[in-house]
Each structure stands twice: as C-alpha cells, then as structure tokens.
Amino acid sequence: QVQLVESGGGLVQAGGSLRLSCAASGRTFSSLAMGWFRQAPGKEREFVAALSWLGGNTYYADSVKGRFTISRDNAKDTMYLQMNSLKPEDTAVYYCAAGNAIISGSAKPSLYDYWGQGTQVTVSS
C-alpha cells in the first residue's frame with residue numbers, strides 16, 4: 001500500500017505561482033511512477049504531468065507545458081508540481097497519483113493504483 005498526501009494548494013491571482021507537494025509513504029518511493037491530475041467541477045479528471053520512476057523523463061499536458069514543472073526528490077519521498085503563470089482555467093482539485101514503474105509517463109488515470117485526497121487550487125482573474 002502507498003499513502004499519498006498533497007499540500008500547497010490555495011487561492012492565487014492569475015499570473016501567480018504555487019508549488020504543490022505530494023508526500024508518499026508505505027512503499028519504496030523510487031520504484032513508483034508518479035503523476036499529477038486535476039478535476040474541475042463538472043469535468044472529468046484530466047492528466048497534468050507525470051515523471052518516470054527515476055525522474056529522468058517528464059511528460060506534460062499541452063495546456064500546462066512551459067508553465068508547470070514536475071519533479072521528485074526520492075530522498076524525501078516527495079513529488080512536486082511547480083505551477084507558474086497560472087490561469088483561471090487551471091482552477092481545479094489537484095491529485096497526485098502513483099503506480100508501478102511500468103506505467104511511467106502514462107496519462108491514463110485508470111493505470112494509477114494510488115491516489116491522494118486532493119488539494120484545491122483556485123486562480124482568480
């Protein structure tokens with residue numbers, strides 16, 4: 001079992017920045033594929049970013065490419081999502097997810113086995 005806890009969400013003005021964190025426990029963090037997803041009211045959960053189990057490869061949704069940066073610190077069992085130049089359309093609940101290393105980089109929520117509780121990000125215009 002893997003437990004994931006997100007933090008760092010909040011209210012920010014358009015153009016601002018936030019950094020989300022996802023702390024993992026319960027299994028060797030470095031062996032996990034990790035990703036960030038988000039879900040806005042009335043919409044399906046969508047892929048934001050992912051990285052490989054060693055962190056060497058990163059993947060982004062087109063809508064966030066160039067603005068968001070995903071990273072991981074295996075020594076701290078923590079993954080991050082640095083979000084810059086935020087837009088009102090980035091408003092959503094953000095979830096971190098983890099799965100077996102074989103799915104590294106996947107944008108499919110169904111392939112991830114473990115999910116955090118989510119953290120709200122609200123961007124005002």
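Refer to the structure printed above.
Residues numbered from 1 in each chain as written. Predicted model: local features only at pLDDT ≥ 70, side-chain atom pairs only at ≥ 80, totals over all residues. Heavy atoms only, no water.

A.B. asks: Explanation requested: the nonpolar core in the structure shown.
C.D. replies: The nonpolar side chains of soluble globular proteins are, as a tendency, buried together. In terms of nonpolar packing, the biggest core is built from 37 residues, with Leu4, Met34, Trp36, Leu81, Met83 and Tyr94 touching the most fellow members. Contributing elements (two or more residues each) for this core: β3 (18-25), β4 (32-39), β5 (46-51), β7 (68-73), β8 (78-83), β9 (92-100) and β11 (119-124). Not counting chain neighbours up to four residues away, the residues in contact with methionine 34 comprise Leu4, Cys22, Phe29, Ala50, Leu51, Arg72, Met79, Ala97, Ala98 and Tyr112. (Core = buried A, V, L, I, M, F, W, Y, C linked by side-chain atoms within 4.5 Å. Buried < 20%, exposed > 50% of the residue type's maximum accessible area, 1.4 Å probe, protein only. Helix = DSSP H or I, 4+ residues; strand = E, 2+ residues; numbered from the N terminus. Contact = heavy atoms within 4.5 Å.)

A.B. asks: Help me understand the packing of aromatic side chains in this model?
C.D. replies: Here a ring pair, both rings aromatic, is described through the centre-centre distance and the interplanar angle of the planes. Under the counting rule described, the total for this entry stands at 5 aromatic pairs. A centroid spacing of 5.2 Å and a plane angle of 75° characterise the contact between phenylalanine 37 and tyrosine 112, whose relative ring orientation is edge-to-face. Taken together, the positions of phenylalanine 37 in strand β4 and tyrosine 112 in the loop between β9 and β10 (114-115) put the pair 75 residues apart, joining distant regions of the chain. The exposure classification of phenylalanine 37 matches that of tyrosine 112, with both residues buried. Put simply, the rings of Phe37, Phe47, Tyr95, Tyr112 and Trp115 touch in pairs and so form one group of aromatic residues. (Phe/Tyr/Trp six-rings, centres within 6.5 Å; stacked < 30°, edge-to-face > 60°.)

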